[in-house]
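# Observations on the model geometry
Spelled out, the chains give:
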Amino acid sequence: MPHILEVDSVQKHFDERSILTDIYLQCRTGEIIGLLGRNGSGKSTLMQIIFGTIDAQKFIRIDGKVYEAPYKTKDLIAYLPQHDFVPKHLSVRQAARLYPGKASAERFLDDPVLKPLSGSKTGSLSGGEVRYLEIKLLLNTPCRFIMLDEPFSGVSPVMVEQIQKLILETSPEKGIILSDHDYRNVLKITSRCCLIHQGSLKQISGREDLLRWGYILKA
Amino acid sequence: MLRLLLTFYRSTLALNWGFSLACAILVFIQFPKVLPISLMSSGSLLSFYYKSLSRKGDYFFYYNRGISKTQLLLFTLLMNGCSGGILYILLNHATHS
């Protein structure tokens, strides 16, 4: 069954400074929406407002129902923060048993990247390996919507391709919102792209729009 | 959900026990009372507070499965209340007999 996430009238101020002003965003099952913006433009803040871990003036509706903090309802929405979130004392196998569940953990670990690491503590993995594990964990949850904050950050080109493959494989069943500074890789896999510019959301149809809004200098 | 709550609880135990044992050793004569009381109260809250400061990113591991910080705190207090209570009875029974 297709689902719809609507983010409406989001306003966020830090002290006197307006970070987000009247944001509207819609994401449906099967869509991959890219969220671009300069450093400090409010991408992570917007994602955490949608997730429910940052307070703001907002309306978050999922399938028409309003949620104050969507993350508190199981299997609704998941969020990949910029920093690592899997506790370092857990092994890859333990994390797989806690997230996808004991029954599907072995299938989850039957993966060229994760198989050799299954007995390792997540604290001993490289940045790229942790990122891959975390993204795969989230994409394997039954959540209707997944938000990925900088999934390609600090990840080698080969791993970026593997992460893109994971996202594309899962996208028919979920709505995905992702933000990253690597705009080329974002544009490559997204069905629609938006840019946060001076607190508001601009629709982006290609590199020309990014140039027009001053996100890049050369098209 | 219970397995995730237990995973969080286990991650608070080292600091809670370390702090509570240190408190109990400092007031040696009252050891059987201080250890369980500290485990249930100050040690429990301190370990939770420490995790909130030093490993705050870990909370997203639980948020992503629908578990809030309040639920984690309540579960930790409940588990420490039960284990501290049992320890209190056992230690005080042992010292009186």
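Residues numbered from 1 in each chain as written. Chains lettered and ligands numbered in written order. Predicted model: local features only at pLDDT ≥ 70, side-chain atom pairs only at ≥ 80, totals over all residues.

### Here's the deal with the overall build of chain A
- Summing up its helical and strand segments, chain A has seven helices and 10 strands in all.
- A compact globule built from 219 residues would reach a C-alpha radius of gyration of about 17 Å, and chain A, at 17 Å, matches this within 12%.
- Put simply, chain A has 219 residues, and 42% of those count as buried.
- A separation threshold of at least 6 residues defines the contact pool for chain A, and within that pool the share at least 24 residues apart is 67%. (Helix = DSSP H or I, 4+ residues; strand = E, 2+ residues; numbered from the N terminus. Rg over C-alpha atoms; globule rule 2.2 N^0.38 Å. Buried ≥ 20, exposed ≤ 12 C-beta atoms within 10 Å, placed from the backbone. Contact = placed C-beta atoms within 7 Å.)

### Observations concerning the nonpolar core
- Ile77, Tyr79, Ile146 and Met147 of chain A are the most contacted members of the largest nonpolar core, which totals 72 residues.
- In contact with Tyr79 of chain A, other than residues within four places in its own chain, are Met47, Phe51, Tyr71 and Met147 of chain A together with Phe60 and Asn64 of chain B. (Core = buried A, V, L, I, M, F, W, Y, C linked by C-beta atoms within 7 Å.)

### Some thoughts on helix α1 (residues 43-51) of chain A
All names here are of chain A.
- α1 sits mainly inside the fold: seven of its nine residues count as buried.
- Among the residues of α1, those classed as buried are Lys43, Leu46, Met47, Gln48, Ile49, Ile50 and Phe51.
- Among the residues trailing α1, Gly52 stands out with phi positive, at a value near 110°.

### What to know about the environment of Arg38 of chain A
All names here are of chain A.
- With respect to the helices and strands, the residue Arg38 is situated in the loop between β3 (32-37) and α1.
- Classification of Arg38 as partly exposed rests on a count of 15 C-beta atoms within 10 Å.
- C-alpha of Arg38 to C-alpha of Ile196: the two residues are 158 residues apart in sequence and 7.8 Å apart in space.

### What about helix α2 (residues 31-40) of chain B?
- Taken residue by residue, α2 of chain B has Leu35, Pro36, Ser38, Leu39 and Met40 of chain B as its buried positions.
- Buried residues along α2 of chain B sit against α1 (2-26), α3 (42-54) and α5 (69-96) of chain B.

### Section: the packing of α1 of chain B against α3 of chain B
All names here are of chain B.
- Their axes nearest at 8 Å, the elements α1 and α3 cross at an angle of 130°. Between α1 and α3, the crossing angle belongs to the class labelled oblique. The handedness of the crossing between α1 and α3 is right-handed. Touching Ser11, Thr12, Leu15, Asn16, Phe19 and Ser20 of α1 are Gly43, Ser44, Leu46, Ser47, Phe48, Tyr50 and Lys51, all from α3. (Axes fitted to C-alpha atoms, helices over the stretch in contact; angles between N-to-C directions. Parallel < 35°, antiparallel > 145°, perpendicular 65-115°, else oblique. Left-handed = near helix turned anticlockwise from the far one by under 90°.)

### With respect to the sheet that holds β3 of chain A
Residues and elements named next belong to chain A.
- Spatially, six strands are ordered β6-β7-β8-β3-β9-β10 in an open sheet, and the strand pairing comes out mixed. Of all strands in the sheet, those with a lone pairing partner are β6 (77-80) and β10 (200-204), marking the two edges. Going across the sheet, the axis of each strand differs from the next one's by a mean of 20°, ignoring polarity.
- Pairing between β6 and strand β7 (residues 145-149): four bridges, direction parallel. Bridged to Ile77 within β7 is Phe145.
- Sheet contacts for α1: β3, β6, β7, β8 (175-179) and β9 (192-197); angle to β7, the most-contacted strand, approximately 155°.
- Taken strand by strand, helix α4 (residues 127-139) contacts β6 and β7, and its axis lies near 175° from that of β6. (Pairing = 2+ DSSP bridges.)

### Let's talk about the interface of chain A and chain B
- Listed by partner, the interface residues are 18 residues for chain A and 13 residues for chain B.
- In terms of residue class, the side of chain A that touches chain B is made up of nine nonpolar, five polar and four charged. (Nonpolar A, V, L, I, M, F, W, Y, C, P; charged D, E, K, R; others polar.)

### Describing unusual backbone geometry
Residues and elements named next belong to chain A.
- One non-glycine residue with positive phi stands out, namely Asp22, at about 55°.
- Along the chain, Asp22 falls in strand β2 (residues 17-28).
- Residues other than glycine seldom take positive phi values, yet Asp63 does so here, at roughly 50°.
- Looking at the secondary structure, you find Asp63 in the loop between β4 (57-62) and β5 (65-67).

### Thoughts on the environment of Ser118 of chain A
Residue and element names in this part refer to chain A.
- With respect to the helices and strands, the residue Ser118 is situated in the loop between α3 (102-109) and α4.
- Between the C-alpha atoms of Ser118 and Glu68, which are 50 residues apart in sequence, the distance is 37 Å.
- Once residues within four sequence positions are removed from consideration, Ser118 is found in contact with Val92, Arg93 and Leu109.

### Overview of the sheet that holds β5 of chain A
All names here are of chain A.
- Strand order in the open sheet formed by four strands is β2-β1-β4-β5, and the pairing between neighbours is antiparallel. Each end of this open sheet is capped by a strand with a single partner; those strands are β2 and β5. For this sheet, the mean angle separating the axes of adjacent strands, direction not counted, is 20°.
- Here β4 pairs with β5 via three bridges, running antiparallel.

### Brief notes about the confidence of the model for chain B
All names here are of chain B.
- Summarising the model, chain B shows a mean pLDDT of 84, and 98% of its residues fall at 70 or more.
- When pLDDT is averaged over each helix and strand of chain B, the minimum, 77, is found for α2 and the maximum, 94, for helix α4 (residues 59-63).
- The ipTM for the predicted assembly is 0.90, set against a pTM of 0.88. (pLDDT = per-residue confidence, 0-100.)

### With respect to the pairing of strand β1 (residues 4-14) of chain A
Residue and element names in this part refer to chain A.
- The sheet contact formed by β1 and β2 spans eight bridges and is antiparallel. Residue pairing across strands places His13 opposite Ser18, the latter belonging to β2.
- Two strands pair when backbone bridges link them, and β1 and β4 are joined in this way by five bridges, in the antiparallel orientation. Each residue of the ladder has a partner; that of Val7, found in β4, is Ile60.

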